[in-house]
Amino acid sequence: MLEISKLVKRYGNDEPVLKELDLVVEGSSVVSIVGASGAGKSTMLRCINRLVEPTSGSIRLNGTELVNLRGGALRRARRKIGMVFQGFNLIDRLTVMENVLAGRLGYVSLYQAVTRRYPQQDIERAFTLMERVGIAHYANKRADALSGGERQRVGVVRALMQEPEILLADEPTASLDPRTSEQIMKLLQSLAQELSLPVLINIHNVAQAKAYTERIVGLRHGKMIFDGAPGDFGKEALDAIYGGIEAPEEEITAAPSRTSSEGVSHGQI
Ligand SMILES: Nc1ncnc2c1ncn2[C@@H]1O[C@H](COP(=O)(O)OP(=O)(O)OP(=O)(O)O)[C@@H](O)[C@H]1O
(Lines give C-alpha, C1' and ligand atoms only; values in the text may rest on other atoms or scores of the structure.)
Protein backbone atom coordinates (compact mmCIF):
# COMPACT_ATOMS: atom_id res chain seq x y z
CA MET A 1 0.00 0.00 0.00
CA LEU A 2 1.21 3.48 -0.86
CA GLU A 3 0.25 6.19 1.60
CA ILE A 4 1.15 9.77 0.77
CA SER A 5 0.31 12.27 3.45
CA LYS A 6 0.62 16.05 3.43
CA LEU A 7 3.33 15.91 0.76
CA VAL A 8 4.88 19.28 -0.01
CA LYS A 9 7.54 19.98 -2.62
CA ARG A 10 9.01 23.40 -3.12
CA TYR A 11 11.84 24.02 -5.60
CA GLY A 12 14.07 26.72 -4.09
CA ASN A 13 12.03 29.62 -2.78
CA ASP A 14 9.29 29.25 -5.38
CA GLU A 15 5.64 28.62 -4.62
CA PRO A 16 5.22 24.92 -3.63
CA VAL A 17 4.65 22.63 -6.58
CA LEU A 18 2.88 20.06 -4.39
CA LYS A 19 0.64 21.45 -1.67
CA GLU A 20 -0.08 19.03 1.15
CA LEU A 21 -1.03 16.21 -1.17
CA ASP A 22 -2.73 13.10 0.27
CA LEU A 23 -3.10 9.87 -1.71
CA VAL A 24 -3.61 6.23 -0.73
CA VAL A 25 -3.26 3.46 -3.30
CA GLU A 26 -4.09 -0.07 -2.24
CA GLY A 27 -3.86 -3.50 -3.83
CA SER A 28 -3.28 -3.83 -7.53
CA SER A 29 -5.08 -0.68 -8.59
CA VAL A 30 -4.03 1.11 -11.72
CA VAL A 31 -4.27 4.82 -11.05
CA SER A 32 -3.76 7.54 -13.60
CA ILE A 33 -2.56 10.96 -12.60
CA VAL A 34 -3.84 13.66 -14.92
CA GLY A 35 -3.32 17.39 -14.92
CA ALA A 36 -2.15 20.21 -17.11
CA SER A 37 1.52 20.75 -17.80
CA GLY A 38 3.18 21.97 -14.61
CA ALA A 39 0.47 20.63 -12.28
CA GLY A 40 3.08 18.57 -10.40
CA LYS A 41 2.51 15.06 -11.76
CA SER A 42 6.16 14.20 -12.44
CA THR A 43 7.24 15.84 -9.21
CA MET A 44 4.86 13.63 -7.28
CA LEU A 45 6.13 10.42 -8.90
CA ARG A 46 9.72 11.50 -8.44
CA CYS A 47 9.16 12.23 -4.78
CA ILE A 48 8.00 8.64 -4.35
CA ASN A 49 11.24 7.18 -5.67
CA ARG A 50 13.20 10.08 -4.22
CA LEU A 51 14.62 11.30 -7.54
CA VAL A 52 13.19 14.53 -6.11
CA GLU A 53 13.55 15.34 -2.41
CA PRO A 54 10.20 16.07 -0.76
CA THR A 55 10.18 19.29 1.27
CA SER A 56 7.89 17.82 3.92
CA GLY A 57 5.23 15.19 4.44
CA SER A 58 5.21 11.45 4.49
CA ILE A 59 5.36 8.73 1.82
CA ARG A 60 4.96 5.18 3.12
CA LEU A 61 5.28 2.10 0.94
CA ASN A 62 3.98 -1.04 2.63
CA GLY A 63 4.70 0.53 5.99
CA THR A 64 8.20 1.85 5.22
CA GLU A 65 8.61 5.62 5.46
CA LEU A 66 10.50 6.68 2.32
CA VAL A 67 11.03 10.34 3.19
CA ASN A 68 14.38 10.92 4.92
CA LEU A 69 15.83 7.50 4.02
CA ARG A 70 19.55 7.69 3.30
CA GLY A 71 22.39 5.49 1.98
CA GLY A 72 21.80 1.74 2.00
CA ALA A 73 18.27 2.05 3.35
CA LEU A 74 17.33 4.36 0.46
CA ARG A 75 18.93 1.99 -2.07
CA ARG A 76 17.01 -0.97 -0.64
CA ALA A 77 13.74 0.97 -0.69
CA ARG A 78 14.34 2.10 -4.29
CA ARG A 79 14.67 -1.51 -5.42
CA LYS A 80 11.01 -1.91 -4.54
CA ILE A 81 9.92 0.99 -6.76
CA GLY A 82 9.93 0.24 -10.48
CA MET A 83 9.93 3.20 -12.85
CA VAL A 84 8.95 3.38 -16.50
CA PHE A 85 9.94 6.51 -18.41
CA GLN A 86 8.55 8.44 -21.36
CA GLY A 87 11.87 8.20 -23.21
CA PHE A 88 12.42 4.54 -22.17
CA ASN A 89 15.88 5.31 -20.65
CA LEU A 90 17.54 2.29 -22.26
CA ILE A 91 21.25 1.99 -22.98
CA ASP A 92 21.17 1.84 -26.77
CA ARG A 93 24.46 0.03 -27.37
CA LEU A 94 23.55 -2.79 -24.96
CA THR A 95 21.36 -5.74 -25.85
CA VAL A 96 17.77 -6.09 -24.76
CA MET A 97 18.84 -8.77 -22.24
CA GLU A 98 21.56 -6.53 -20.81
CA ASN A 99 19.10 -3.68 -20.44
CA VAL A 100 16.60 -5.98 -18.76
CA LEU A 101 19.20 -7.35 -16.35
CA ALA A 102 20.04 -3.78 -15.35
CA GLY A 103 16.85 -4.07 -13.31
CA ARG A 104 18.80 -6.37 -11.00
CA LEU A 105 21.60 -3.88 -10.30
CA GLY A 106 20.19 -3.11 -6.88
CA TYR A 107 20.46 -6.79 -5.94
CA VAL A 108 23.76 -8.11 -7.35
CA SER A 109 27.31 -7.26 -6.28
CA LEU A 110 29.40 -4.75 -8.22
CA TYR A 111 31.61 -7.65 -9.37
CA GLN A 112 28.62 -9.57 -10.73
CA ALA A 113 27.31 -6.48 -12.50
CA VAL A 114 30.65 -5.49 -14.06
CA THR A 115 31.42 -9.03 -15.22
CA ARG A 116 27.77 -9.54 -16.15
CA ARG A 117 27.59 -12.73 -14.10
CA TYR A 118 24.00 -12.52 -13.12
CA PRO A 119 22.52 -15.45 -11.20
CA GLN A 120 20.80 -18.06 -13.37
CA GLN A 121 17.47 -17.31 -11.71
CA ASP A 122 17.73 -13.67 -12.82
CA ILE A 123 18.30 -14.78 -16.40
CA GLU A 124 15.37 -17.17 -16.22
CA ARG A 125 13.11 -14.48 -14.78
CA ALA A 126 14.25 -12.12 -17.54
CA PHE A 127 13.25 -14.64 -20.21
CA THR A 128 9.90 -15.33 -18.56
CA LEU A 129 9.06 -11.64 -18.40
CA MET A 130 10.34 -10.96 -21.92
CA GLU A 131 8.18 -13.80 -23.21
CA ARG A 132 5.23 -12.38 -21.33
CA VAL A 133 5.51 -9.03 -23.09
CA GLY A 134 6.50 -10.48 -26.46
CA ILE A 135 10.14 -9.43 -26.77
CA ALA A 136 12.04 -12.65 -25.89
CA HIS A 137 13.10 -13.12 -29.52
CA TYR A 138 14.91 -9.77 -29.32
CA ALA A 139 17.00 -10.75 -26.28
CA ASN A 140 20.33 -10.47 -28.13
CA LYS A 141 19.45 -7.49 -30.29
CA ARG A 142 20.78 -4.05 -29.53
CA ALA A 143 18.17 -1.92 -27.80
CA ASP A 144 18.39 0.76 -30.50
CA ALA A 145 17.27 -1.75 -33.15
CA LEU A 146 13.78 -1.92 -31.63
CA SER A 147 10.67 0.14 -32.31
CA GLY A 148 9.32 2.55 -29.69
CA GLY A 149 6.67 0.12 -28.45
CA GLU A 150 9.22 -2.68 -28.18
CA ARG A 151 11.63 -0.39 -26.37
CA GLN A 152 8.94 0.51 -23.87
CA ARG A 153 8.30 -3.20 -23.28
CA VAL A 154 12.01 -3.52 -22.46
CA GLY A 155 11.59 -0.62 -20.03
CA VAL A 156 8.63 -2.33 -18.39
CA VAL A 157 10.46 -5.65 -18.05
CA ARG A 158 13.54 -3.91 -16.61
CA ALA A 159 11.32 -2.30 -13.98
CA LEU A 160 9.66 -5.65 -13.18
CA MET A 161 13.07 -7.31 -12.80
CA GLN A 162 13.42 -5.23 -9.65
CA GLU A 163 10.58 -7.27 -8.12
CA PRO A 164 8.92 -3.97 -7.33
CA GLU A 165 6.16 -3.42 -4.82
CA ILE A 166 4.87 -0.54 -6.92
CA LEU A 167 5.30 0.54 -10.53
CA LEU A 168 5.50 4.23 -11.45
CA ALA A 169 5.11 5.22 -15.09
CA ASP A 170 5.88 8.79 -16.12
CA GLU A 171 4.11 9.48 -19.42
CA PRO A 172 4.90 5.92 -20.63
CA THR A 173 3.04 6.38 -23.91
CA ALA A 174 3.86 9.98 -24.78
CA SER A 175 6.57 8.98 -27.27
CA LEU A 176 4.44 6.33 -28.95
CA ASP A 177 1.85 6.34 -31.71
CA PRO A 178 -1.79 6.02 -30.56
CA ARG A 179 -2.15 2.33 -31.34
CA THR A 180 1.10 1.38 -29.62
CA SER A 181 0.16 3.61 -26.68
CA GLU A 182 -3.01 1.61 -26.18
CA GLN A 183 -1.06 -1.66 -26.28
CA ILE A 184 1.30 -0.40 -23.58
CA MET A 185 -1.61 0.82 -21.45
CA LYS A 186 -3.31 -2.57 -21.76
CA LEU A 187 -0.05 -4.26 -20.89
CA LEU A 188 0.37 -2.19 -17.72
CA GLN A 189 -3.24 -2.88 -16.80
CA SER A 190 -2.90 -6.65 -17.15
CA LEU A 191 0.52 -6.83 -15.49
CA ALA A 192 -0.89 -4.99 -12.47
CA GLN A 193 -3.50 -7.73 -12.12
CA GLU A 194 -1.14 -10.65 -12.75
CA LEU A 195 1.52 -9.41 -10.36
CA SER A 196 -0.84 -7.81 -7.81
CA LEU A 197 1.06 -4.60 -8.29
CA PRO A 198 -0.20 -1.08 -7.79
CA VAL A 199 0.62 1.07 -10.82
CA LEU A 200 0.63 4.88 -10.95
CA ILE A 201 0.64 6.36 -14.43
CA ASN A 202 1.17 10.03 -15.26
CA ILE A 203 -0.71 10.58 -18.46
CA HIS A 204 -1.88 13.48 -20.59
CA ASN A 205 -4.30 11.46 -22.67
CA VAL A 206 -7.53 11.57 -20.66
CA ALA A 207 -9.31 9.14 -22.97
CA GLN A 208 -6.65 6.51 -22.36
CA ALA A 209 -6.70 7.23 -18.63
CA LYS A 210 -10.44 6.59 -18.64
CA ALA A 211 -10.18 3.48 -20.80
CA TYR A 212 -7.27 1.69 -19.15
CA THR A 213 -7.14 2.71 -15.51
CA GLU A 214 -9.64 2.16 -12.74
CA ARG A 215 -9.08 5.37 -10.83
CA ILE A 216 -8.21 8.87 -11.94
CA VAL A 217 -6.49 11.42 -9.76
CA GLY A 218 -6.58 14.96 -11.10
CA LEU A 219 -4.04 17.56 -10.04
CA ARG A 220 -4.19 21.30 -10.52
CA HIS A 221 -1.47 23.61 -9.24
CA GLY A 222 -0.17 20.89 -6.91
CA LYS A 223 -3.52 20.06 -5.32
CA MET A 224 -5.70 17.04 -5.85
CA ILE A 225 -9.02 18.23 -7.21
CA PHE A 226 -10.44 14.95 -8.49
CA ASP A 227 -10.15 11.39 -7.20
CA GLY A 228 -12.62 8.92 -8.56
CA ALA A 229 -13.66 6.29 -11.06
CA PRO A 230 -13.37 6.93 -14.83
CA GLY A 231 -17.17 6.85 -15.07
CA ASP A 232 -17.36 9.86 -12.75
CA PHE A 233 -14.76 11.81 -14.69
CA GLY A 234 -16.96 14.03 -16.80
CA LYS A 235 -16.89 17.52 -18.24
CA GLU A 236 -16.99 19.10 -14.80
CA ALA A 237 -13.83 17.32 -13.71
CA LEU A 238 -12.19 18.05 -17.03
CA ASP A 239 -12.96 21.76 -16.73
CA ALA A 240 -11.80 21.87 -13.12
CA ILE A 241 -8.48 20.25 -13.98
CA TYR A 242 -7.77 21.82 -17.35
CA GLY A 243 -10.17 24.77 -17.47
CA GLY A 244 -8.51 27.68 -19.18
CA ILE A 245 -5.22 25.83 -19.42
CA GLU A 246 -5.18 23.39 -22.29
CA ALA A 247 -7.34 20.97 -24.23
CA PRO A 248 -6.31 17.40 -23.44
CA GLU A 249 -6.34 14.70 -26.07
CA GLU A 250 -9.81 13.22 -26.16
CA GLU A 251 -9.44 10.73 -28.97
CA ILE A 252 -8.24 7.18 -28.94
CA THR A 253 -7.74 5.16 -32.06
CA ALA A 254 -10.17 2.35 -31.28
CA ALA A 255 -12.83 1.43 -28.79
CA PRO A 256 -10.96 -0.11 -25.88
CA SER A 257 -11.49 -3.78 -25.21
CA ARG A 258 -10.41 -4.99 -21.81
CA THR A 259 -10.39 -8.57 -22.95
CA SER A 260 -8.62 -8.27 -26.28
CA SER A 261 -5.02 -9.36 -26.70
CA GLU A 262 -2.18 -6.83 -26.69
CA GLY A 263 -0.84 -8.48 -29.79
CA VAL A 264 1.83 -10.25 -27.77
CA SER A 265 2.18 -13.60 -26.10
CA HIS A 266 0.25 -14.11 -22.90
CA GLY A 267 2.19 -16.70 -20.96
CA GLN A 268 1.85 -16.37 -17.23
CA ILE A 269 4.76 -15.17 -15.16
N1 LIG B 1 14.11 20.76 -10.93
C2 LIG B 1 13.22 21.75 -10.90
N3 LIG B 1 13.57 22.97 -10.46
C4 LIG B 1 12.69 23.98 -10.40
N5 LIG B 1 11.38 23.86 -10.78
C6 LIG B 1 10.98 22.67 -11.22
C7 LIG B 1 11.87 21.55 -11.30
N8 LIG B 1 11.18 20.48 -11.77
C9 LIG B 1 9.92 20.93 -11.97
N10 LIG B 1 9.80 22.21 -11.64
C11 LIG B 1 8.57 23.03 -11.72
O12 LIG B 1 7.57 22.38 -10.97
C13 LIG B 1 6.31 22.51 -11.61
C14 LIG B 1 5.68 21.13 -11.77
O15 LIG B 1 6.47 20.41 -12.70
P16 LIG B 1 6.17 18.89 -13.03
O17 LIG B 1 7.17 18.46 -14.05
O18 LIG B 1 6.07 18.12 -11.79
O19 LIG B 1 4.73 19.02 -13.70
P20 LIG B 1 3.93 18.01 -14.59
O21 LIG B 1 2.53 18.07 -14.15
O22 LIG B 1 4.58 16.67 -14.58
O23 LIG B 1 4.08 18.67 -16.02
P24 LIG B 1 4.27 17.98 -17.46
O25 LIG B 1 2.96 17.32 -17.75
O26 LIG B 1 4.55 19.13 -18.36
O27 LIG B 1 5.40 17.00 -17.35
C28 LIG B 1 6.56 23.27 -12.90
O29 LIG B 1 6.24 24.60 -12.72
C30 LIG B 1 8.03 23.10 -13.14
O31 LIG B 1 8.56 24.18 -13.82
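Residues numbered from 1 in each chain as written. Predicted model: local features only at pLDDT ≥ 70, side-chain atom pairs only at ≥ 80, totals over all residues.

The next subject is the packing of helix H6 (residues 148–161) against helix H7 (residues 178–195). The interhelical angle for the contact between H6 and H7, taken along N-to-C directions, is 20°, at an axis separation of 10 Å. The orientation of H6 with respect to H7, classified from their angle, is roughly parallel. Relative to H7, H6 is oriented so that their crossing is right-handed. Listed contacts from H7 to Gly148, Gly149, Gln152 and Val156 of H6 are Thr180, Gln183, Ile184 and Leu187. Considered class by class, the residues forming the contact of H6 with H7 number three nonpolar, five polar and no charged. (Axes fitted to C-alpha atoms, helices over the stretch in contact; angles between N-to-C directions. Helix = DSSP H or I, 4+ residues; strand = E, 2+ residues; numbered from the N terminus. Parallel < 35°, antiparallel > 145°, perpendicular 65-115°, else oblique. Left-handed = near helix turned anticlockwise from the far one by under 90°. Contact = placed C-beta atoms within 7 Å. Nonpolar A, V, L, I, M, F, W, Y, C, P; charged D, E, K, R; others polar.)

On to unusual backbone geometry, then. Even without glycine at this site, Asn68 takes up a positive phi of about 80°. Position of Asn68 among the secondary structure elements: in the loop between strand S5 (64–65) and helix H2 (71–79). Accessibility expressed as a C-beta count within 10 Å gives 12 for Asn68, which makes it exposed. Backbone geometry at His221 places phi at a positive 45°, although glycine is not the residue there. Its location among the elements puts His221 in the loop between strand S9 (215–220) and strand S10 (223–228). (Buried ≥ 20, exposed ≤ 12 C-beta atoms within 10 Å, placed from the backbone.)

Judged by pairing direction, the sheet is antiparallel, and its four strands sit side by side in the order S2-S1-S4-S5 without closing on themselves. This sheet does not close on itself; its edge strands, each paired only once, are strand S2 (18–25) and S5. Bridge analysis of strand S4 (residues 56–61) against S5 gives two bridges, and the strand direction is antiparallel. For Arg60, the partnering residue across the bridge sits in S5 and is Glu65. (Pairing = 2+ DSSP bridges.)

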